[in-house]
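Overview (structure and organization)
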Amino acid sequence: MFGNNDKKAAKADAKAAKEAAKAEKERQKQDELLRKFGVEGLNDPKSVEIVRDISATLCGDDLIELGASLGGASEKDLLHQIYRHNQVQTRQNWLIIRQLDRIATALESKDQ
């Protein structure tokens, strides 16, 4: 009776550890992408989170594009990929707007 609870708890712990390892591996991939494009030094935590979100969205696109180029993608898959790219572009635009606003604010305070 109590052994079942122990097994369930051990199974849940193992699953949580596996998910944590997977999340850490994904975070390392994202960190590498940030370094690759020279944006690892962003100071604003919200901007860093936006860039991480963008990189996470783009991570699986290479395989989808390969499948599409080989003729293995359906119209629905292609539309989904276009939608994802549009989402990324929208996030990138908001990130640029935020950064430009920070620059403008810094310049205004410097002039005063």
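Please refer to the structure placed before this passage.
First things first, this report covers the structure right here in the doc. Not measured: the values here are computed from a predicted model. (Residues numbered from 1 in each chain as written. Predicted model: local features only at pLDDT ≥ 70, side-chain atom pairs only at ≥ 80, totals over all residues. Heavy atoms only, no water.)

As for the overall build of the protein
- Helix and strand counts for the protein stand at 4 helices and 0 strands.
- Counting from the amino terminus, the protein carries its helices and strands in the arrangement α-α-α-α.
- In the protein, which comprises 112 residues, the share counted as buried stands at 14%.
- Taking all contacts inside the protein whose residues are at least 6 apart in sequence as the whole, residues at least 24 apart take part in 60%.
- Surface exposure of the protein reaches about 9,100 Å², of which carbon and sulfur atoms provide 57%. (Helix = DSSP H or I, 4+ residues; strand = E, 2+ residues; numbered from the N terminus. Buried < 20%, exposed > 50% of the residue type's maximum accessible area, 1.4 Å probe, protein only. Contact = heavy atoms within 4.5 Å. Areas by Shrake-Rupley, 256 points an atom, 1.4 Å probe, with all protein chains shown as cover.)

Some words on the pattern of salt bridges
- Tallied over the full model, the rule gives 2 salt bridges.
- When the shortest N-O distance is used, the salt bridge between Glu32 and Arg35 registers 3.2 Å. Residue Glu32 and its partner Arg35 are located together in helix 1 (residues 2–36), separated by 3 residues, close to a single helical turn.
- Judged by relative accessible area, which is 45%, Glu32 ranks as partly exposed. (Salt bridge = Lys/Arg side-chain N within 4 Å of Asp/Glu carboxyl O.)

Here we look at a nonpolar patch on the surface
- Residues Ile96, Leu100, Ile103 and Leu107 make up a contiguous nonpolar surface patch of roughly 380 Å² in combined accessible area.
- Relative to the elements of secondary structure, Ile96 occurs in helix 4 (residues 75–111).
- Accessibility expressed as a relative area gives 46% for Ile96, which makes it partly exposed. (Patch = residues over 30% accessible without salt bridge, like charges linked within 9 Å, V, L, I, M, F, W, Y side chains within 5 Å.)

Quick notes on the environment of Ile54
- Structurally, the position occupied by Ile54 is in helix 2 (residues 45–58).
- Between the C-alpha atoms of Ile54 and Gln89, which are 35 residues apart in sequence, the distance is 8.7 Å.
- Contact partners of Ile54, with chain neighbours within four places excluded, come to Val88, Arg91 and Gln92.

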